[in-house]
Every structure is written in C-alpha cells, then in structure tokens.
Amino acid sequence: MNFAKRMDHFNEGIFTRLLEIKRRRLENGQPVIDLSVGTPNIPPAQHIITALCEAAADPANYIYAVNDQSELLQATSDWYKQRYQVELDPATQICSLLGSQEGLAHISLSIVDEGDLVLVPDPCYPVFADGPLLAGAELYYMPQKEENGYVIQLQDIPEDIAQRAKFMLVSYPNNPTTAMAPDQFYLDLIAFAKKYDIIVLHDNAYSELVFDGKSCGSFLAFPGAMDVGVEFNSLSKTYGLAGARIGFCVGNTTMVSMLKKLKSNMDYGMFLPIQKAAIAAITGDQSEVERVRAIYEQRRDILCEGFSQLGWPIAKPEATMFVWSRIPAHYDSSEQFAMDLVTHAGVIATPGSAFGPSGEGYVRFALVQDNEILQQAVQSVDDSEILKSS
C-alpha cells in the first residue's frame, strides 16, 4: 500500500506513547499518576449538565445541526462583549469549532498553499505546527526563550522570513510555557502583521485560568487586531466541557467566512444538545469560573511548593492548567527524565521536547488530578530518589 507523503512529517504522538506506558503499568498492577495530558477532571456546573441532558432528551435535536444556531452565535457575541469588551457580529464574525484542536488542525487549509511559510511558536502545542504541515506549509519556529519571559521577540525574525510568511500562530497565556504576554507585545504583533501582510491566529484557551489576582483579555481588544486576524477560544477547561469539544473562531470577517466555507465541506456542525450546553455555560452563572480558577491555583501551589521543598525549585506559573519547568540539572534529556519519572515514581509528565526544539531541557505537568493525588505524586518522586544526582 502507498500512503500520502504528508504522513512522513508525523510520528506517533508523545501522548500516545505515554498512554501506552500507562496502560502497561496498570496491567502490571503498578500505580500511575497521570499528569501528562491536559484533560480536566472538574465536571461542568449542574446547570450546564441539565441543559445538555434536557436537549439530549428531545428527539428533534438528533438531526444534523448543519449551522451554528442563532442563539449560540448571539450568546457568543454577548459573552465576548461582556467578558472581553470586544464587539462581534454574530452573523459574520463567529464560527463554532468541534474543539479548538479541530480548528487548529484545519484552519491552515483555508489560508496556505503548498510551500507557503507559516510562523509557529517554539515550544508550542503540537497541533500549532501539525495543522500547517497538513496543509503542506513550510514552518519557521519563533523561539519562546526563558530569558525573555517566553514571549516571542518579533524583531528577531529575519526580514526575508517575515516577507515570505503568510500566516502565524500565537498563544498567550501559553501552553506549554504558561507565560502571559504584555500589552505591548500585542500592539507590536498587530503592527508586524500589517507591515508584512501576515494573517494572525491567537489562541486564547486559557484566558480564564490566570492566578494571583491577575487577569487576561483578548487579542481582539487591541486596535487593529480585527484587521489582521482571529482568535480561538474554548470552553474545555473553564467550564469542564473538554469531552464535548466546544470552541470558537472569532474575529476577522474574511477569515471566519473562509473557515466556515471549509468546514461546510468537512462536517455537519456541532450536535444541537452540545450547542445548548455551550449557551448555558457562557450565559449562566459565571461564579463557576472563579471556582475552577481557584481549584487550579491551589493545585499549582501544591505541586510547585512540593517539588521545591524536595530541592527541585519550580517557579509558580501565572496562568494555565500546567506547570513548566527545567528538568533537574543532572539530566541531559527531557525525554529521559520523563521516562525515569514514570518508571521509578509512577508519575507521567510530558517531556518538553514534545513541544518543539526549544522545549528540550524542560518538562510539563498538567494539573489534572485532585490535591491529594498531587501530594502523592510529590511523595512518589521523593521516594524514587530520581531528583538526587548520582
């Protein structure tokens, strides 16, 4: 059998390999604490579950949705106005996604042609690079360095690269580095995009998971942003709806229309009961958002303080549901450290190298377990003695 050459770009995902290790350990009766994949274990608020169940009980809701319901589009517009102070036309500037991952995988198909150049962060969530690769694009990695607070230095992008680039992906609060970007970065980003005629996608999936009394807005709130790009947002983490796969692409009218056109040839829209759940989430009691944020902040403190007390100092992230840290000094490889973590301590984390070249030397933990399990993870790492150099 002969398969597409584009598949040569892809290897078995690190998450798949880690899950296989987890499966084998569980089969052998060995304990596992999985802090690898960012899959929330906090369920939706009851009013969201009720909306979903009531809609699912209606036989009329099992037809193809085909399009986003007007009620969902209006709710999303109202949400963006109230939460981010961004005005959106419900009819032309909003498109639902079957989760942000789906949108990130497909949007490049509506923007780039074979051989076009796309700028992606490094390190980055893998689909930021995989989506453009599926579209046949060439990638240029924009380093996110610790010494710069993991903020992309746009002025360091070579002139010839900037002139060739057609599309760029940016995300703050950032996965995996957990960094936030200052306002000036967004102003510079918009000016950069306009100067070189580059389309921008800003992924804003973690805007609600910001800690220590800080807050985060929207890329689209900055002057000129709507001229150059769109923003992706997600209900997965904030509202506990990860498995329901609910995301949105909002912003530039032309970009949204092209994505809608592409998706009309790929899927039949979001299941109607899930649309009802999304509406309930973004129009209902928002105190749930604060509760979820507080849970993640407490988990962050337990993990970071616990490892720091063991002699592995980890700075507390200011945002997201992740912890990003340099690996212990006596390790040379992030993958080797991750393998030792699971082999000797039964704790699964994601090696930084899975997120791009600049991720080597780091590891990412997902705060997806309850407090007592995170305390067990710290104790298991201590008992394993892998933090002690030989």
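See the structure above.
This one's a predicted model, so the numbers in the text were calculated from it and none came from an experiment.

Caption draft 1: Seen up close, the pairing of strand S12 (residues 362-366). Counted residue by residue, S12 has five buried out of five residues, so it is predominantly covered. What you see with S12 is no split at all: Tyr362, Arg364 and Ala366 on one side and Val363 and Phe365 on the other are buried throughout. Pairing of strand S9 (residues 322-326) with S12, which is carried by five bridges, proceeds in the antiparallel orientation. Within S12, the position partnered with Val323 by the bridge is Phe365. Pairing of strand S11 (residues 350-351) with S12 involves two bridges; the strand directions are antiparallel.

Caption draft 2: Fine view of the sheet that holds S9. Read across the open sheet, the three strands follow the order S9-S12-S11; overall the sheet is antiparallel. In this open sheet, the two strands that pair with only one neighbour each are S9 and S11.

Caption draft 3: Representation of helix H3 (residues 70-84). Taking 1.5 Å as the rise per residue, H3 with 15 residues should run 21 Å; its terminal C-alpha atoms sit 21 Å apart, in good agreement. Where H3 is concerned, the buried positions are Leu72, Leu73, Ala75, Thr76, Ser77, Trp79, Tyr80 and Tyr84. On its buried side, H3 packs onto strand S2 (94-97), strand S7 (229-234), strand S8 (247-251) and helix H10 (272-283). Where H3 terminates, the next one or two residues include Gln85, which has phi positive at roughly 60°.

Caption draft 4: Main features of the packing of aromatic side chains. Evaluation of the coordinates by the stated rule reveals 21 aromatic pairs. Summarising the aromatic geometry, the rings of Trp79 and Tyr84 are spaced 6.1 Å apart at their centres and angled 65° between planes, so their arrangement reads as edge-to-face. With relative accessibility at 5%, the residue Trp79 sits in the buried group. Judged by its relative accessible area of 2%, Tyr84 falls in the buried class. When the ring of Tyr186 is compared with that of Phe222, the centres are 5.1 Å apart and the planes differ by 20°; the resulting orientation is stacked.

Caption draft 5: Inspection of the layout of surface pockets at higher detail. Size it by volume and the second largest pocket reaches roughly 310 Å³. Every residue lining the second largest pocket is counted, 17 residues in all, and those nearest its centre are Glu146, Tyr150, Thr177, Ala315 and Trp324. Per element, the largest residue contribution to the lining of the second largest pocket is three residues, and it comes from S9.

Caption draft 6: Focus on the pattern of salt bridges. In the structure shown here, the tally under the stated rule is 25 salt bridges. Among the ionic pairs, Glu297 bridges to Arg300, the shortest N-O distance being 3.8 Å. Of this pair, Glu297 and Arg300 both sit in helix H11 (residues 287-309), separated by three residues, roughly a single helical turn. Relative accessible area serves as the criterion here: at 1%, Arg300 is assigned to the buried category. One continuous salt-bridge network, built from bridges that share partners, spans Asp212, Glu297, Arg300, Asp301, Glu305 and Lys316.

Caption draft 7: Examining the sheet that holds S8 more closely. If you walk across this open sheet you meet the seven strands as S2-S8-S7-S6-S5-S3-S4, and the pairing is mixed. With partners counted over all chains shown, the strands left at the sheet margins are S2 and strand S4 (138-143), one partner each. Pairs of neighbouring strands in the sheet enclose a mean axial angle of 20°, with direction left out of account. Here strand S3 (residues 117-122) runs beside strand S5 (residues 165-171); their pairing, made up of three bridges, is parallel. For Leu119, the partnering residue across the bridge sits in S5 and is Met168. Of the strands in this sheet, S2, strand S6 (199-203), S7 and S8 touch helix H9 (residues 253-263), which is tilted by about 40° from S2.

Conventions adopted
The residue numbers shown here count from 1 along each chain, following its written sequence. The predicted origin of the model limits local features to residues at a pLDDT of at least 70 and limits the giving and counting of side-chain atom pairs to 80 or more, whereas totals for whole chains, interfaces and linings rest on all residues. Remark: hydrogens and water are excluded; side-chain values derive from all non-hydrogen atoms of the structure. Three labels apply to residues, based on accessible area from a 1.4 Å probe with only protein chains included: buried if under 20% of the type maximum, exposed if over 50%, partly exposed otherwise in between. In this description a helix means any DSSP run of H or I spanning at least four residues, a strand means any run of E spanning at least two, and both kinds are numbered starting from the N terminus. Any two strands with at least two DSSP-identified bridges between them are counted as paired. Each residue after the first adds 1.5 Å to the expected span of a helix. Here, residues are in contact when the closest pair of their heavy atoms is within 4.5 Å. The rule is short: rings of Phe, Tyr and Trp, with Trp giving its six-membered ring, pair when the centres are within 6.5 Å, and they are stacked under 30 degrees, edge-to-face over 60, tilted in between. With a 1 Å grid laid over protein atoms only, a set of points is called a cavity when a 1.4 Å probe fits there but cannot get out and a pocket when it is open yet has protein on both sides within 12 Å along at least five of seven lines; lining residues have an atom within 4 Å of a point. Grid points are joined across faces, edges and corners, and a volume is the space filled by probe spheres set on the points. For this analysis, a salt bridge means a side-chain nitrogen from Lys or Arg found within 4 Å of a carboxyl oxygen belonging to Asp or Glu. Axis lines are fitted to C-alpha atoms, over the contacting stretch for helices. Their N-to-C directions set the angle, which ranges from 0 to 180 degrees.

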